[in-house]
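# Structural overview for review
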Amino acid sequence: MKKLTLLGGLTTQQFLRDYWHKKPLLIRQAIPQFKPLLTREELAAMAARDDVESRLVTHFGARWQLKKGPFDQLPPFSKKAWTTLIQGVNLHHDGADALMQQFRFLPDARLDDLMISYATDTGGVGPHFDAYDVFLLQAHGKRLWRIGPQTDMTLVEGLPVKILKNFKPEQEMVLEPGDMLYLPPHYAHDGIAVGECMTYSIGFRTPSFQELGEGFLQYLTESVELDGHYADPDLAPTSKPAEIGSDMITRVATAIRKIRFADDDIAIFLGEYLSEPKPSVFFDAPVRSTSLPRFLERAEKRGVKLARKTRMLYRGRHVFINGDSFVAASADRRALVKLADRRGLDPEDIKAASEDVREALHAWHEDGWIVLQ
Ligand code: SIN
Ligand code: CO
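A brief look at the structure comes next. (Residues numbered from 1 in each chain as written. Chains lettered and ligands numbered in written order. Predicted model: local features only at pLDDT ≥ 70, side-chain atom pairs only at ≥ 80, totals over all residues. Heavy atoms only, no water.)

### Some details on the pairing of strand β6 (residues 82-86)
To keep things clear, this is the line we draw: Remark: exposure states derive from per-residue accessible area (1.4 Å probe, protein chains only) relative to the maximum for the residue type, with buried under 20%, exposed over 50%, and partly exposed in between. Secondary structure elements follow DSSP: runs of H or I of four or more residues count as helices, runs of E of two or more count as strands, with numbering from the N terminus. At least two DSSP bridges between two strands are needed for those strands to be called paired.
Along β6, 5 of the 5 residues are buried, which leaves the element largely enclosed by surrounding structure. Judged from the 5 bridges that link them, strand β4 (residues 54-60) and β6 form a sheet pairing that is antiparallel. Bridge assignment links R55 to a residue of β6, and that residue is L85. One ladder, built from 4 bridges, connects β6 with strand β7 (residues 111-119); its direction is antiparallel. From the neighbouring strand, T84 faces β7, where its bridge partner is Y118.

### Some remarks on the coordination of the cobalt ion (ligand 2)
Here is the rule: Water is not part of the atom set, so a site may look incomplete; the donors themselves are N, O and S atoms within 2.8 Å of the metal, or 3.2 Å for Na, K and Ca.
Only H128 (NE2), D130 (OD) and H189 (NE2) from the protein reach the cobalt ion (ligand 2) as donors, at distances of 2.0 to 2.1 Å. Summarised as a motif, the one-chain spacing of the donors to the cobalt ion (ligand 2) is H-x1-D-x58-H. An identical accessibility class is assigned to H128 and D130; each is buried.

### Quick look at helix α10 (residues 355-367)
Quick reminder of the rule: The span one expects for a helix is its residue count, reduced by one, times 1.5 Å. What the arc measures is the spread of directions leading from the helix axis to the C-beta atoms.
The terminal C-alpha atoms of α10 lie 19 Å apart, and with 13 residues this matches the ideal 18 Å at 1.5 Å per residue to within 8%. What α10 keeps buried is the set V357, R358, L361, H362, W364 and H365. The buried side chains of α10 occupy one side of the element, clustering within an arc of 165° when seen end-on. Within two residues after α10, G368 carries a phi angle of roughly 80°, on the positive side.

Structure, rendered in structure tokens:
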């Protein structure tokens, strides 16, 4: 197993065994000579877009305030104690997307997005904890992190942001560009900008079981098939007409218990659910449509890759792309699995692919789900 600079010389196995979900890890120069991918002006421009999720947290005069974007105007860069947080930058920027890919030693089903925060001096979101793991990569300027394995999770009441009431940090560290801090879920932290700074957070998806359960039941409504109608040939006269009879409960319970599901249903539900783009995501379809032969001619020369916004997963014979699912014939599986894992196909792969796959690639290209290399 290769030792990764990104993980401070640990192998991915060592990192997962010793740190993941267990304890924080500070990695000095995880990405040596790291240069920010976007300027503060470019970030401000992203915060102004309505297809980008952004927030503004201010701590002016010791008062916490939160606003949701888009923002025509942010506070002046010269004013202290504010931060803007831009979610999903990887969906819009090639460099940010490439940075996210470095974390694909973890499954796509768990990786969420790259968030960028810009803060002026003393800015931050206050002491808090998150439900998910996070890698905090310092991209520009310095940030003081105060962290601790808090047990008292009480929050200050009545605030628009989650702030721990009795934050007890146990460690302090100042991160400089290229340094990275990994924090497990529920590990308390407070990042305070030391002068102007930018932090990139690689975050993870941790859907609640409640959310998964509700989603699965919705999935089941689309596949459930129960034959017949309620009938009671043995009905007896009643003196309590408003009461629901025991016979009725038993009959309906018997019918409902026929609803069955297998692990395959869980796989299909998960694949569709986890590959579904966030509601704010819109694909950029090509301006002009390309005919199938013309597309194939180009694809066989240049290869294709998944668009930044495309989420593609697979499980056994099931393939999922942007919330759609289908069963791939065994001859098609190799190409589709490669497309999902590598997020791209070479000209040779396209030449060797079945007609079904080649047609699917064309349709996905028309939708803006894949692009030519
Ligand atoms: C930030 O970048 O300011 C916030 C990141 C976090 O604490 O989760
Ligand atoms: Co946090």
